[in-house]
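# Residue-level structure breakdown
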Amino acid sequence: MHDLTRSGRSHSSVARELGLNRRTVSKYARARTWQEVVRRPPRKPSTLDSYLAYLQQRWDEGQHNAKILHEELQTKGYLGHYQRVKMAVVPLRRGLPVDEPRERPPSPREAARWIITHPHRRSPHINDRLSRLLDHCPELRTAHGLVRRFAAMLDNRDATAMHEWLDDLANTGPAPLSGLARALREDRHAVAQGITTPYNSGVNEGRITDVKLQKRLMAGRAGVSLLRHRVVLNAHLRRRYADPPTASPR
């Protein structure tokens, strides 16, 4: 594939000749080594992971007997089997470092949830993982900064920085966000009102959800009169249990 692309052939032409997807051709053409295109399954966590540093230390000190190492780890609270310790010292016998636990990379949904969550509401572990993730991806760090600036406007109910924020979103933000910047700029007055006022459409959205839920409960066969009855009844019950009880006159 590298030979074909170096000759000046386009990725689409190579894909047609080899019967592959164009994205597959692009991925292999960009790769410098075969290791870059091999997907290694994430290493599952092990009960031995918290003892690997001690295992490396004892190996460096000259203790190369796996059985003795297993006994020492048991005195420190390790409850795993001897065979796991034996397999862990195999790389050490070959002159390689001990196999440190590899952390599973976050999914796009996880990364998005970390970014939109307030830093004070994230656990220290998630803050540490997010910091390392942003160090590896400058574009994601830019997106994180833009999201947190918009969140600050919502927290403070202050839209004075929105114009500058929209400019940064369109000019310095990732390409997929440029379309969002245009849409927000076209409706900037409504966006500013949403930021600065305490009102929102949450109540209306809740009512719409109620109607959809009742319709699904009836398997889509409910008529207008039955839906009206059920929706009104739900609203009455919600108001009855949501409002604080009034004191009875003496």
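Residues numbered from 1 in each chain as written. Predicted model: local features only at pLDDT ≥ 70, side-chain atom pairs only at ≥ 80, totals over all residues. Heavy atoms only, no water.

### Observations regarding the overall build of the protein
Secondary structure assignment for the protein yields 15 helices and zero strands. By the burial criterion, 24% of the 250 residues in the protein qualify as buried. Considering only residue pairs separated by 6 or more positions, the protein has 42% of its internal contacts joining residues 24 or more positions apart. For the protein, the accessible surface area stands at approximately 18800 Å², while carbon and sulfur atoms represent 54% of it. (Helix = DSSP H or I, 4+ residues; strand = E, 2+ residues; numbered from the N terminus. Buried < 20%, exposed > 50% of the residue type's maximum accessible area, 1.4 Å probe, protein only. Contact = heavy atoms within 4.5 Å. Areas by Shrake-Rupley, 256 points an atom, 1.4 Å probe, with all protein chains shown as cover.)

### A short note on the pattern of salt bridges
Overall, the coordinates contain eight salt bridges when judged by the stated rule. Note that Arg58 is salt-bridged to Glu72, the shortest N-O span being 2.8 Å. Here Arg58, found in helix α4 (residues 52-60), pairs with Glu72, found in helix α5 (residues 66-75); they are 14 residues apart in sequence, far enough to count as distant. We classify Arg58 as buried; its relative accessible area is 16%. On the basis of relative accessibility, which here comes to 18%, the residue Glu72 falls in the buried class. Taking the shortest distance from any N to any O, the salt bridge between Arg132 and Asp128 comes out at 3.1 Å. (Salt bridge = Lys/Arg side-chain N within 4 Å of Asp/Glu carboxyl O.)

### Description of helix α9 (residues 124-136)
The end-to-end C-alpha separation of α9 is 19 Å, in line with the 18 Å expected for 13 residues at 1.5 Å each. In this structure, the buried side of α9 is in contact with α8 (108-116) and α10 (138-156). (Expected span 1.5 Å × (residues − 1).)

### Describing the side chain of Glu110
Examined against the element boundaries, Glu110 turns out to sit in helix α8. On the basis of relative accessibility, which here comes to 17%, the residue Glu110 falls in the buried class. Here the side chain of Glu110 touches Ser107 through a polar contact of 2.9 Å, landing on its backbone nitrogen. Residue contacts for Glu110: discarding those within four places in its chain leaves Arg104 and Pro105. (Polar contact = N/O pair within 3.5 Å; in protein donor to acceptor, adjacent residues only side chain to side chain.)

### So, the packing of aromatic side chains
For the structure shown, the criterion picks out two aromatic pairs. Measuring from ring centre to ring centre gives 5.5 Å for Tyr51 and Tyr78, while their planes differ by 70 degrees; the resulting arrangement is edge-to-face. Separated by 27 residues along the polypeptide, Tyr51 in the loop between α3 (22-30) and α4 and Tyr78 in the loop between α5 and α6 (82-88) bring together distant segments of the chain. Residue classification places Tyr51 among the buried positions, given a relative accessible area of 15%. With 4.9 Å between their ring centres and 35 degrees between their planes, Phe150 and Trp165 make a pair best called tilted. With Phe150 in helix α10 and Trp165 in helix α11 (residues 162-171), this pair connects stretches of sequence that are 15 residues apart. The partly exposed category is assigned to Phe150, whose relative accessible area is 23%. In this structure, Lys67 is placed above the aromatic ring of Tyr82, and the distance from its NZ or CZ to the ring centre is 5.8 Å. Lys76 extends its terminal NZ or CZ atom over the ring of Tyr54, reaching a point 4.7 Å from the ring centre. (Phe/Tyr/Trp six-rings, centres within 6.5 Å; stacked < 30°, edge-to-face > 60°. Lys NZ or Arg CZ within 6 Å of the ring centre and 35° of its normal.)

### Overview of the packing of α9 against α10
Orientation of α9 relative to α10, taken along the N-to-C sense of each, is 120 degrees, at an axis distance of 5 Å. The orientation of α9 relative to α10 falls into the category oblique. Residues Leu130, Ser131, Leu133, Leu134, Asp135 and His136 of α9 form the contact with α10, whose participating residues are Pro138, Leu140, Arg141 and His144. Each residue belonging to the contact of α9 with α10 can be placed in one class, and the counts come to five nonpolar, three polar and two charged. (Axes fitted to C-alpha atoms, helices over the stretch in contact; angles between N-to-C directions. Parallel < 35°, antiparallel > 145°, perpendicular 65-115°, else oblique. Nonpolar A, V, L, I, M, F, W, Y, C, P; charged D, E, K, R; others polar.)

### Some thoughts on the nonpolar core
Counting residues in each nonpolar core, the largest one holds 13 residues, and the members touching the most others are Leu48, Leu55, Leu69, Leu73, Tyr78, Val85 and Val89. Secondary-structure elements contributing two or more residues to this core are α4, α5 and α6. Contact partners of Val85, with chain neighbours within four places excluded, come to Leu48, Leu55, Ala66, Leu69, His70, Leu73 and Tyr78. The next biggest cluster of nonpolar side chains, apart from the first, holds twelve residues, and it includes Ala159, Met162, Trp165 and Leu166. (Core = buried A, V, L, I, M, F, W, Y, C linked by side-chain atoms within 4.5 Å.)

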